[in-house]
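Results of the structural survey
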Amino acid sequence: AAGVIQSPRHLIKEKRETATLKCYPIPRHDTVYWYQQGPGQDPQFLISFYEKMQSDKGSIPDRFSAQQFSDYHSELNMSSLELGDSALYFCASSLLLNTEAFFGQGTRLTVV
Amino acid sequence: LAKTTQPISMDSYEGQEVNITCSHNNIATNDYITWYQQFPSQGPRFIIQGYKTKVTNEVASLFIPADRKSSTLSLPRVSLSDTAVYYCLVGDRTGSSNTGKLIFGQGTTLQVKP
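Residues numbered from 1 in each chain as written. Chains lettered and ligands numbered in written order. Predicted model: local features only at pLDDT ≥ 70, side-chain atom pairs only at ≥ 80, totals over all residues. Heavy atoms only, no water.

Right, let's get into the packing of aromatic side chains. Following the criterion strictly, the structure yields 9 aromatic pairs over all chains and no others. Measuring from ring centre to ring centre gives 5.4 Å for Tyr35 of chain A and Phe104 of chain B, while their planes differ by 90°; the resulting arrangement is edge-to-face. Here the residue Tyr35 of chain A occupies a position in strand β4 (residues 31-37), and Phe104 of chain B occupies one in the loop between β8 (84-92) and β9 (108-113), the pair thus bridging two chains. Taking the relative accessible area as the measure of exposure, Tyr35 of chain A reaches 0% and is therefore buried. Taken together, a centroid distance of 5.7 Å and an interplanar angle of 55° make the contact between Tyr36 of chain B and Phe104 of chain B tilted. Of the two residues, Tyr36 of chain B is situated in strand β3 (residues 31-38) and Phe104 of chain B in the loop between β8 and β9; the sequence distance between them amounts to 68 residues. Judged by relative accessible area, Tyr36 of chain B falls into the buried class, the value being 0%. With a relative accessible area of 6%, Phe104 of chain B lands in the buried category. Connected via pairs of aromatic rings, a cluster forms that spans Tyr35, Phe45 and Phe103 of chain A together with Tyr36, Phe46, Tyr87 and Phe104 of chain B. (Phe/Tyr/Trp six-rings, centres within 6.5 Å; stacked < 30°, edge-to-face > 60°. Helix = DSSP H or I, 4+ residues; strand = E, 2+ residues; numbered from the N terminus. Buried < 20%, exposed > 50% of the residue type's maximum accessible area, 1.4 Å probe, protein only.)

All names here are of chain B. Direction of pairing for strand β5 (residues 53-56) relative to strand β6 (residues 61-64): antiparallel, over a ladder of 4 bridges. Directly across from Lys54, in β6, lies its bridge partner Phe63. Hairpin connection of β5 to β6: 4 residues between the antiparallel strands. Alignment of β6 against strand β7 (residues 70-75), held across 3 bridges, turns out to be antiparallel. Across the sheet, the residue bridging to Ser61 is Ser74, located in β7. (Pairing = 2+ DSSP bridges.)

A separate point is the sheet that holds β9 of chain B. Residue and element names in this part refer to chain B. Spatially, β1-β9-β8-β3-β4 is the arrangement adopted by the 5 strands of the open sheet, whose pairing is mixed. The sheet is open, and its two borders are formed by β1 (9-13) and β4 (45-50), each paired with just one other strand. Within this sheet the neighbouring strands show an average axis-to-axis angle of 25°, counted without direction. With 5 bridges joining them, β1 and β9 adopt parallel strand pairing. Bridge pairing in β9 links Ser12 to Val112. (Axes fitted to C-alpha atoms, helices over the stretch in contact; angles between N-to-C directions.)

Residue and element names in this part refer to chain A. The buried fraction of strand β8 (residues 74-78) is high, at 4 of 5 residues. Relative to β8, strand β3 (residues 19-24) runs antiparallel, the two sharing 5 bridges. By the bridge assignment, Lys22 is partnered in β8 with Glu75. The loop that links strand β7 (residues 64-68) with its antiparallel partner β8 comprises 5 residues; one of these, Tyr72, has a positive phi angle of about 80°.

What follows is the structure in structure tokens.
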């Protein structure tokens, strides 16, 4: 069965650079969530989209932005990267809000 | 959103039943209770979801008392591979609030020993 696909799996960027993370939800899923998880920490909710519209916002820095496109894939854009942005970034999708969410394998971002 | 409280860690032995309780005193009428499992460097994996009483699937059971202020995830006969972090989440899945915000609190690290 198709799962949530995230790309790239690993990304190394320098401080002040820009990064774009992509998420392809499970077909027919209309809700996408983004999370950031630092080492030894719990997943922190960043932002979610329902039917291509922003649904909710969590602790997402102003340097970050995201959108969901007409084909339901989503992109998380991160600018002016800081060392503290180094983390695992997970995307999840679900059919309808807050139902069973399926998570991707994550993108490990390292800022040097 | 309802805040959840779980034990930080639990130990168990292979073959035992493990019960992890989560408190959610401020749960709202439309909130459902969902449990996820997470292995290191992997995305969380859905285990079970319920609204009230008891829900059972092939991997776990979820017990929710009438007041819904707590819930207990029951894992029968755990094995070493069940060593992971377990998260309890509450959220509105009826769509009435039109918000999509699955909030992970501090999970429970379950260590299963031989």
